[in-house]
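Below, each chain spelled out in residue letters.
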Amino acid sequence: MSNDAVRPSHLPDFRKPPLNEVVLGVQFSPPEAYQQIFAGEVWNLYRNDFPKVQEQPPLPPSFETFGLPTKSRPFDFVTGATHDRFWFLRPDGEELIQFQQDRLLHNWRKVGDESNPYPRFEVMVNSFHRELEQLERYMQGLSPQALAINQCEVSYINHIAPLNDQALLASEWLRFISFFGKEPDDFTMAFREAIYDAENRPIGRLICEASVAIKSNRQRVIQLTLTVRGAPQQNTIASGLEFLKNGRDLIVSRFAQLTTDEAHKNWERIK
Amino acid sequence: MPLQPLRDDKGNVIPHNHPDILPEHGVIRRISEHFLVRDEKTEGQRISSMAFKPSTGVNGGLSVDLKHEIESAGHDARTYVTTPRWVGSVIFQAGPLRGEGFMIGADPIEASAEADANPYHGEVWGNFTTGKQRRLRRLCEWFVPLEGVSLDG
Amino acid sequence: MTMTQCVGSSTTSATSSTSKVVSIASARPRTLISENASVWNEEVSNRLQDLIRLNYGWDGYNARPVGFVNATFALQMLNNICGPATPAPQIVPGVNGDLQLEWHTLQGDIELHVEGPNNVHAWRALVGDLDGEELNLTVDFAAIAQWVRDITEPPIAAATAA
């Protein structure tokens, strides 16, 4: 498979971004004839590179829809048998594939002493493309069908912290927060922005979440998460990947807009 | 012997107009209670348009029972389509259905883990536009009527 | 750009490193939008619960139960269409795991056929209009919100008549 994803030259870039985790994911209609008993066969598709496995609670279906303003409501339907979410992990745990009957995701994350470098989006999306095609071929063996992708999601999770023992002041890092000299002990906030296609129709949202958090080494950080989620133009793998690429572009641009010039100096902005 | 359908080389039933289904033959559509809706305009219940939407998938159509085939096998048609308990049913004549551009053929069902056999099962195939689905409601009459449920709407 | 407190849904649920950071326990987000109980929500949820548990062949032929994903999408869509006082739609299962949301009032009829996520065929007819109008929709249901108001809210003239 050719490495055809190329980083757009106009995107901001940093030598030392505060990036801690990146998630690429798609949601699809549960394939015909698939049952949870086959999850082991799905793991076998990736097992050479992802030999470890863990089980997690499933993610509920998620859709970005538009109309009257609405608060997210939990859906608590009970259907009977549920399908676990499986994590297939690399030996070092740096990358993992998440699978359930209606989702496939690929995560990269900082691990250990957090010195592992980010492989870059282009490498991740190419891997994810292969993984999706492998999954689709497997499902076609159960019943003639293509993966019907109905939602795509790309998330960038950042851990922002001073390089030395200086106090963690939100306004020094984030343009959209100011406590006017009286820094609180902690904060949590989120906002959402609709995303539109070329015909000005809403297709998804950019969601920004920021909060103070404590890492396992007791360091206080600001966790800044930017997510783009929405429906691809068509329910194909190609269209899903196109959504993820556009989502990444939006996230990187917005990240640079939402963070301060001082922060950019810390992260050694090169574009 | 129940009607045999037209099949492809893999044995799947393909849409066809079976020549032994004559214009005057009855085509029964069972109406589950889940298909009933209330209408403030009539202050009563009527049949949702969903009762006349076809199945999707390869060669999907509208499931029906072929009255002439049921009776030729010696069964009472009204008893057959309410056994086990199916709440009601409507009946079309094959001729007017074909006049709307639909094909009517045989699609016998064999017994499986999920369903009993139905050798008199048929399908109505065609272009089920929104307008045609609404006209279907006007083309039929009650076969096993549901009290208080209108066919109008 | 809309600014809304995002409560109750986590965008980080697909992340894998949440065990490495601990959100400050007291930093629970407060909703800024008043929480009105919806007239329709419980009735719709109960009906959907029943429909996703229908037996195979519930129509007398080979119908499947309503799909869990389709039910979830339908409920999400209703959140974008219905106000707190909107009467609950009637929900009719299809044979393919699909479903249809219907209102039939004195002012007219609306049918929203959820064939699958991002795939909704909408039809409405006001009283006296036999053909009605149709829309094929994916994720934007703003137009349908107005349709529902048109047939479920009393006409202004009737409301102000002496």
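Residues numbered from 1 in each chain as written. Chains lettered and ligands numbered in written order. Predicted model: local features only at pLDDT ≥ 70, side-chain atom pairs only at ≥ 80, totals over all residues.

A.B. asks: Describe in detail the overall build of chain A, supporting the description with residues and values.
C.D. replies: A tally of helices and strands in chain A yields four helices and nine strands. Secondary structure of chain A in N-to-C order comes out as β-α-β-β-β-β-α-β-β-β-β-α-α. Over its C-alpha atoms chain A spans a radius of gyration of 20 Å, differing by no more than 12% from the 18 Å that the globule rule assigns to 271 residues. In terms of principal-axis extent, the alpha carbons of chain A reach across some 60 × 45 × 40 Å. Within chain A, buried positions represent 36% of all 271 residues. Residue pairs at least 24 apart in sequence account for 72% of intrachain contacts in chain A once pairs closer than 6 positions are excluded. (Helix = DSSP H or I, 4+ residues; strand = E, 2+ residues; numbered from the N terminus. Rg over C-alpha atoms; globule rule 2.2 N^0.38 Å. Buried ≥ 20, exposed ≤ 12 C-beta atoms within 10 Å, placed from the backbone. Contact = placed C-beta atoms within 7 Å.)

A.B. asks: I'd like a description of the interface of chain C and chain B, backed by residues and values.
C.D. replies: Facing the 21 residues of chain C at the interface are 20 residues of chain B. Going through the elements one at a time, β2 (90-93) and β3 (99-105) of chain C are the ones with two or more residues in the side of chain C that touches chain B. The dominant element in the side of chain C that touches chain B, judged by the number of residues it contributes, is β3 of chain C, at four residues. Residues belonging to the side of chain C that touches chain B are distributed by class as follows: eight nonpolar, nine polar and four charged. (Nonpolar A, V, L, I, M, F, W, Y, C, P; charged D, E, K, R; others polar.)

A.B. asks: Please provide a residue-by-residue account of the confidence of the model for chain A, values included.
C.D. replies: On average, residues of chain A score 92 in pLDDT, and 94% of them reach the 70 mark or higher. Per-element confidence in chain A ranges from a low mean pLDDT of 94 for helix α4 (residues 261-266) of chain A to a high of 98 for helix α1 (residues 39-46) of chain A. (pLDDT = per-residue confidence, 0-100.)

A.B. asks: I'd love a proper account of the environment of N235 of chain A, names of residues and values included.
C.D. replies: All names here are of chain A. Examined against the element boundaries, N235 turns out to sit in the loop between β9 (220-230) and α3 (237-258). Its 21 C-beta neighbours within 10 Å are what place N235 among the buried residues. When near neighbours in sequence (up to four residues on either side) are disregarded, N235 contacts A148, I149 and N150.

A.B. asks: I'd like to hear about the sheet that holds strand β6 (residues 133-137) of chain C, residue by residue, with values.
C.D. replies: Residues and elements named next belong to chain C. The strand order across the open sheet built from five strands is β2-β3-β4-β5-β6, with neighbouring strands paired in antiparallel fashion. Pairing within the sheet leaves two strands with one partner each, and these edge strands are β2 and β6. Looking at each pair of strands side by side, their axes are set apart by 15 degrees on average, direction ignored. Note that β2 and β3 share four bridges and pair antiparallel. Note that in β3 the partner of Q90 across the bridge is E102. (Pairing = 2+ DSSP bridges. Axes fitted to C-alpha atoms, helices over the stretch in contact; angles between N-to-C directions.)

A.B. asks: Quick rundown of the pairing of strand β4 (residues 95-100) of chain A? Include the residues and the values.
C.D. replies: Residues and elements named next belong to chain A. In terms of burial, β4 is a largely internal element, six of the six residues being buried. Judged by which residues are buried, β4 turns out to be covered on both faces: E95, I97 and F99 on one side and L96, Q98 and Q100 on the other are all buried. Bridge count between strand β3 (residues 85-89) and β4: four bridges; the pairing is antiparallel. Bridge pairing links F86 to F99 in β4. As consecutive antiparallel partners, β3 and β4 are separated by five residues, and within that stretch G93 has a phi angle of approximately 75 degrees, a positive value. Summarising the sheet, β4 and strand β5 (residues 103-109) pair through six bridges and their orientation is antiparallel. Bridge assignment links F99 to a residue of β5, and that residue is L104.

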